[in-house]
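Fold and geometry: a report
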Amino acid sequence: MKRGAPVEDINEDDLVVKKPKTHAAGLTAVVVALDRGIAQAGLSRTVRSLLRLNQRDGTDCPGCAWPESQGHRKTAEFCENGAKAVAEESTLRTVTPEFWAEHSIAELATKTEYWLGNQGRITHPVVIRPGDTHYSQISWDDAFELIGEQIRATVADRTVFYTSGRTANESAFLYQLFARSIGTNNLPDCSNMCHESSGSALNPTIGIGKGTVSLEDIHQAELILVVGQNPGTNHPRMLSALADCKSNGGKIVAVNPLPEAGLFNFKDPQTPTGLIGHGVNLADEYLQIKVGGDLALFQALGHLLLAEEARVPGSVVDQEFVAANTHGIDAYRAARSEIDWDETRRATGLDRAGIETVAQMLVKSKATIICWALGLTQQPHSVNTLKEIINLLLLQGNFGKPGAGACPVRGHSNVQGDRTMGVWEKPKEAMLAALDAEFSIVSPREHGLDSVDTVDAFVHDRVDVFVSMGGNFALACSDTTLLESAMQRVGLTVHVSTKPNRSHIMHGQTSLILPTLGRTDTDDKHPGGRQVLSVEDSMSVVRTTQGRLEPVSEHLLAEPVIIARMARATLGADHAIDWKAMAEDYDVIRDRISRVIPGFDDFNARLKTKNGFVLPNPPRDTRTFATDIGLARFSVSPLEYLEAPEGHLILQTMRSHDQYNTTFYGLDDRYRGISGGRRVILINEEDVVELGFQDQDMVDVISTFQGVEKRANTFRLVIYPTPKGCAAAYFPEANALMHRELVARESNTPGYKAMTVRFVAHVEEVAHVEEAALV
């Protein structure tokens, strides 16, 4: 193993703007993936980990939650970014106690997330106490004793248990059980920041907060709308499924503010023609919508479908399905009977003709899927936008039949599974009652804190203990400058992590970093030998995941073991729950899950089958809808969209192609032509001129919300084909501009795609004011 990494930190002066790539994947993807893996982990370790990735009895990719085929799987069943994620985790670079001794917190605070992540895997538990300037090694026993003491010294509602979506089912179940045994539902997770709006829209309309399609449905669809999503970077294996749909005669419509390469020309690196050929043009139609204009678009499509039905009765609406399974069609029909096309254009930036073209594609399709991601979930009116999508699907009976349904495309590889396991601040009574009956505890009924609430609790000093199971809370949330300051006032922060990140540096008065096994590491330090875990993908398939690589340190513990030992240290060895038994044998955890979580009966036996098993999904399986009225519900929402005042633009955040959430694999966003740096603003050419700037100008960015301003300095303007009035910047660099009060109604999801910003010329002398909040 080698300590540290010879990586230079980001120098934004090295940023280069080139012509964007016009195709996604292809031979370049293969070369980049292998190069990153070999540089991090060596040839043998890289090849062994990649050949097991997403295979039966192999390792589920720690990247996105796109499903695997239930039939034949390719030898290379992974994408470029999946390979990068594995390279990051299987690296031989290590962060030893000597690393922490050499680097003070003051020094590490000057480093970027890119530099921190590239230092390697953490090898030993470490602690920093009041007055210390460096982390230092601590024994596991002492670390757990410290956690137990601190939790017992406060009240349950002043403890918070945050979860990253990479946490496996068994770990997530133990984690929420630990929190509720203490007496709190403070269980924020990364879903609060991404697809919470999806669940808030789907549950009341179709009775389930998950998508209703399978991978086979994607292949069989006659029409797929891909909305607010960049699958070429965030879900690359989805492109292969869309290509299969095209080859089967299906049509694809892309709806997105930015033209993303993956939906226009896809070169499948797992096929000879994809490596050296011209690729496949996936999108038959592209609607370059303004940020926040999707609600107006789907209302317009609803109007056009109903107008066509009135013109030719029976041509659009599935009357039998609607009559038998839905409620509210009359109110919906009345609301969509008229439309103001001038206002629709202002809201969407789209010509009427383009909208009518897509409407006719919907009319002709007998099996439609609508996919979406964070482009739709992070605005004040997001929940209403998603309810309008459900309206369209209900109108044509696009539930419970092949090739049709709703498809929210999740990010983290088990973010959906974590929620299924009970990681939620607003648990349902049925779940709590089952938990109490199984474990002889009394779970709290009062709702807890979500991620945005947790930021507010930090700011107002209402948190004494913060435990983070993976993730990088300080960097991922809104109001980052204020949050970082507030986190340092907390009594104890605990981070279960694989690599260093910003949250470790913005630590509490006392802070622990507990190094854990990753997905690719073998987990065999148990009386019964090697253990396996399970995950749930975006389409509700539960399957095993197990690593086979030798861990970089003998001092790493598996997540279930860490959680169980925290619980024993806090609650005592005589607690009603046998934590030790579950830590030693994960079959015991699964047996307990089978008696608590619906759909998991006979969990252990079903998990060992060839493809795992699919969880029940009433809209998909039986065309039934478990809402409060027992029917699917049409919704009526007012027209709402984002408008910036004069001199301002609407800013959305985005990922680069060399990034996964707050992890940066490299500095090359080749599909957009950006390399060497990250502090850029993509901006329409007309907007640059009207605002009095030029391409490549350095600016400071000021966001405004409810009369309050926030500032982030030193960004470079880059002319890019964005809709007029809209701009884009990388997440999380732009998070300092995010007001924590700017959220989606109902879901409380941060409004990362709804910021109102203006620019001022950057002045070198005030660069140290970086990301200061101004009132």
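Residues numbered from 1 in each chain as written. Predicted model: local features only at pLDDT ≥ 70, side-chain atom pairs only at ≥ 80, totals over all residues. Heavy atoms only, no water.

Looking at the side chain of Arg672
Tracing the chain through its elements places Arg672 in the loop between strand 26 (668-669) and strand 27 (674-675). Side chain to side chain, Arg672 and Glu260 meet in a polar contact 2.9 Å long. A polar contact of 2.7 Å, which involves the side chain of Arg672, links it to the backbone oxygen of Arg655. (Helix = DSSP H or I, 4+ residues; strand = E, 2+ residues; numbered from the N terminus. Polar contact = N/O pair within 3.5 Å; in protein donor to acceptor, adjacent residues only side chain to side chain.)

Overview of the environment of Pro560
Assignment of secondary structure puts Pro560 in helix 27 (residues 559-571). Classification of Pro560 as buried rests on a relative accessible area of 1%. With 27 residues separating them along the chain, Pro560 and Leu533 place their C-alpha atoms 9.7 Å apart. Residues contacting Pro560, with those up to four places away along its chain left out, are Ser171, Leu174, Leu533, Ala583, Tyr586 and Ile589. (Buried < 20%, exposed > 50% of the residue type's maximum accessible area, 1.4 Å probe, protein only. Contact = heavy atoms within 4.5 Å.)

What about the packing of aromatic side chains?
Applying the stated criterion across every chain yields a total of 20 aromatic pairs. Relative to Phe439, the ring of Phe173 has its centre 6.0 Å away and its plane inclined at 45°; by these criteria the two rings are tilted. With a gap of 266 residues between them, Phe173 in helix 8 (residues 169-182) and Phe439 in helix 22 (residues 429-439) connect regions that are remote in the sequence. A relative accessible area of 2% means that Phe439 is categorised as buried. (Phe/Tyr/Trp six-rings, centres within 6.5 Å; stacked < 30°, edge-to-face > 60°.)

Notes on the side chain of Asp687
Position of Asp687 relative to the elements: it lies in helix 32 (residues 685-690). Here the side chain of Asp687 touches Lys724 through a polar contact of 3.4 Å, side chain to side chain. Not counting residues up to four positions away in its chain, the partners in contact with Asp687 are Leu649, Pro723, Lys724, Gly725 and Cys726.

Brief notes about unusual backbone geometry
For the peptide bond that leads from Phe731 to Pro732, omega is 5°, which places it in the cis range. Positionally, Pro732 belongs in the loop between strand 31 (726-730) and strand 32 (755-761). Not every positive phi belongs to a glycine, and Asn54 is a case in point at roughly 65°. As for its placement among the helices and strands, Asn54 is situated in the loop between helix 2 (43-52) and helix 3 (80-90).

Regarding the sheet that holds strand 16 (residues 465-469)
By definition, the strands of a sheet pair up through backbone hydrogen bonds, in either a parallel or an antiparallel sense. Overall, mixed pairing links the six strands, which are arranged 7-6-18-17-16-8 in an open sheet. In this open sheet, the two strands that pair with only one neighbour each are strand 7 (136-137) and strand 8 (159-163). The pairing of strand 6 (residues 126-128) with strand 7 spans two bridges and is antiparallel. Looking at the pairing, Val127 lines up with Ser136 of strand 7. (Pairing = 2+ DSSP bridges.)

Thoughts on a nonpolar patch on the surface
A surface patch of nonpolar side chains, about 420 Å² in accessible area, is lined by Leu34, Ile38, Leu43, Val47 and Leu51. Elements that contribute at least two residues to the nonpolar patch include exactly helix 1 (27-41) and helix 2. Residue contributions to the nonpolar patch peak at three residues, all from helix 2. Given a relative accessible area of 46%, Leu51 falls into the partly exposed group. (Patch = residues over 30% accessible without salt bridge, like charges linked within 9 Å, V, L, I, M, F, W, Y side chains within 5 Å. Areas by Shrake-Rupley, 256 points an atom, 1.4 Å probe, with all protein chains shown as cover. Salt bridge = Lys/Arg side-chain N within 4 Å of Asp/Glu carboxyl O.)

With respect to helix 12 (residues 237-247)
Among the eleven residues of helix 12, eight are classified as buried, and the element is accordingly described as predominantly covered. Listed in full, the buried residues belonging to helix 12 are Arg237, Met238, Leu239, Ser240, Ala241, Leu242, Ala243 and Cys245. Two residues or fewer after helix 12 comes Gly249, characterised by a positive phi angle close to 100°.

Structural notes on the pattern of salt bridges
Summed over the entire model, instances satisfying the criterion amount to 46 salt bridges. For Asp284, the salt bridge is made with Lys246, and the minimal N-O distance between the two is 2.9 Å. Here Asp284 is found in the loop between helix 13 (272-276) and strand 12 (285-287), whereas its partner Lys246 is found in helix 12, with 38 residues between them in sequence. Take Asp284: its relative accessible area is 29%, and that puts it in the partly exposed class. Since its relative accessible area comes to 21%, Lys246 is described here as partly exposed. Arg336 is the salt-bridge partner of Glu388, the closest N and O atoms lying 3.4 Å from each other. Of this pair, Glu388 sits in helix 20 (residues 382-395) while Arg336 sits in the loop between helix 16 (329-335) and helix 17 (341-348), and the two are 52 residues apart along the sequence. A network of salt bridges, in which partner residues are shared, links Asp456, Arg462, Asp479, Lys710, Arg740 and Glu741.

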